[in-house]
Every structure is written in C-alpha cells, then in structure tokens.
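# Remarks on the overall topology
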Amino acid sequence: MQNRTPRIPRQPVSNRAEPDAGLTAELTAVVAGARRRALRDGDRHIDTAHLLHSLIESDPGARAVFDGGAQLAKVLGYLVQRSIGYGLRWQGSVEDSGAVPVVTDPGAAVRESGAERWSPAAASAMAEARARATRRGDGRAGGLDLLAALATDHDCRAVEVLERAGVDAESLAARVARASGRD
C-alpha cells in the first residue's frame with residue numbers, strides 16, 4: 001500500500017535573521033528598491049546610501065521629517081548623482097562604518113551574517129532599525145526606524161550624502177524621534 005501523503009522537502013532553518021526580516025511591508029519595499037538600485041548601479045553590496053535613496057523615494061513619513069522640500073531635493077540630487085559621478089569612488093569598495101567587522105572572505109560573510117549582498121554598515125542599520133522597533137514594543141521596523149538608524153551612524157555613506165546636502169544628521173535624527181514619538 002502506498003502512502004498518499006505528499007512528501008514535503010524540509011527547508012533549511014537559520015538561527016540568524018536576514019537583514020530584511022521583521023520589517024513592515026513598506027520597509028520591505030524600501031529594501032527591495034535598494035537591492036534593485038545596487039544591482040542597476042553595478043555595486044557589489046547594498047549600502048546605506050542605497051537604503052537612504054529608496055527610503056526617501058518610497059516612504060512619505062521619511063520625506064516628511066526633512067526640513068523642507070529644498071533640503072529633500074538637494075539630498076535626492078546627491079543620491080541621483082551617485083551613478084553619474086558623485087559616489088563613483090565608492091564603487092569596488094565595501095562600506096564599513098566600523099559597526100560590524102569587515103570580512104574579506106565572501107563565503108565567511110554569508111556564513112556569519114546571512115547578509116551576502118549587504119555592506120556591514122547597511123546590515124548594522126537594518127539591525128538597529130529592528131532594535132528600535134523592539135524597544136517600542138513593535139515586532140516590525142518601519143521607515144522612520146531605518147532613517148533614525150542611518151542618521152545616527154556618523155561614519156556611513158548615507159550620512160556623508162546628508163552632510164554634503166547640508167542636512168545635519170543629528171537634527172534629522174531628533175526630528176525622526178519627535179515624529180515617531182519614541183527614542
């Protein structure tokens with residue numbers, strides 16, 4: 001007699017969270033946009049500038065905390081220039097803000113972090129966004145959580161873009177905290 005129960009292959013279980021796990025649907029879309037941008041730009045890793053660009057383009061809450069439309073336009077101008085001049089010096093290098101050690105063996109990076117295509121600073125920002133959500137009792141991180149995490153890492157590419165556009169990252173982080181009523 002044959003068993004009629006279909007056999008379902010077992011999926012490997014990982015103890016480590018992917019950088020885009022535990023996110024709102026809106027932030028998941030931001031991450032997808034950052035992945036597409038990194039691929040289109042020919043970058044090896046998703047970095048914090050990709051995350052910032054995608055966040056500003058797709059999250060109205062993140063756009064609202066900037067100090068006016070002119071400031072936001074200037075930030076977007078720098079982010080757009082990334083692929084045509086500004087930021088070309090970043091190509092071929094991995095963003096490292098010092099928050100997570102750089103791993104030179106790509107296989108080890110996958111085994112250790114589960115974040116094959118994330119710069120250490122971007123992976124750290126995603127982890128901090130999830131931690132912010134957890135501290136306020138929410139199971140999913142949103143756009144403001146990510147923006148706050150980016151703005152507080154003074155050594156990341158996103159903050160470099162913000163500063164070049166004349167945005168004070170600390171003031172931005174304070175506006176995010178006020179807008180979200182937390183941290």
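For the structure, check the block above.
Notes on the structure follow. (Residues numbered from 1 in each chain as written. Predicted model: local features only at pLDDT ≥ 70, side-chain atom pairs only at ≥ 80, totals over all residues. Heavy atoms only, no water.)

## Some words on the nonpolar core
For clarity, the threshold we go by: Here the nonpolar core consists of buried residues drawn from Ala, Val, Leu, Ile, Met, Phe, Trp, Tyr and Cys, with membership extended through side-chain atoms lying within 4.5 Å. A simple rule labels every residue: compare its accessible area, found with a 1.4 Å probe on the protein chains alone, to the largest value its type can have, and call it buried under 20%, exposed over 50%, or partly exposed in between. What counts as a helix is a DSSP run of H or I of at least four residues, what counts as a strand is a run of E of at least two, and both are numbered from the N terminus.
One finds Leu51, Leu52, Phe66, Val75, Leu146 and Leu147 to be the most contacted residues of the largest nonpolar core, which totals 44 residues. Counting residues per element, the ones that place at least two in this core are α1 (25-41), α2 (48-58), α4 (69-81), α6 (120-135), α7 (143-151), α8 (157-164) and α9 (169-180). It is α7 that provides the largest number of residues to this core, a total of seven residues.

## Notes on the environment of Leu150
Rule in force here: Contacts are residue-level and defined by heavy atoms, with any inter-residue pair within 4.5 Å sufficient.
In this fold, Leu150 is placed in helix α7. Judged by relative accessible area, Leu150 falls into the buried class, the value being 1%. Those residues in contact with Leu150, other than ones at most four positions away along the chain, are Thr48, Leu51, Leu52, Leu55, Ala125, Cys156, Ala158 and Val159.

## Side note on the pattern of salt bridges
The criterion, for reference: Salt bridge, as used here, is a side-chain nitrogen of Lys or Arg placed within 4 Å of a carboxyl oxygen of Asp or Glu.
Counted according to the given criterion, the structure contains seven salt bridges. Between Arg132 and Glu128 there is a salt bridge whose closest N-O contact spans 3.4 Å. You can see Arg132 and its partner Glu128 sitting in helix α6, four residues apart, about one turn around the helix. In the salt-bridge network here, residues are joined through shared partners; they are Glu128, Arg132 and Arg135.

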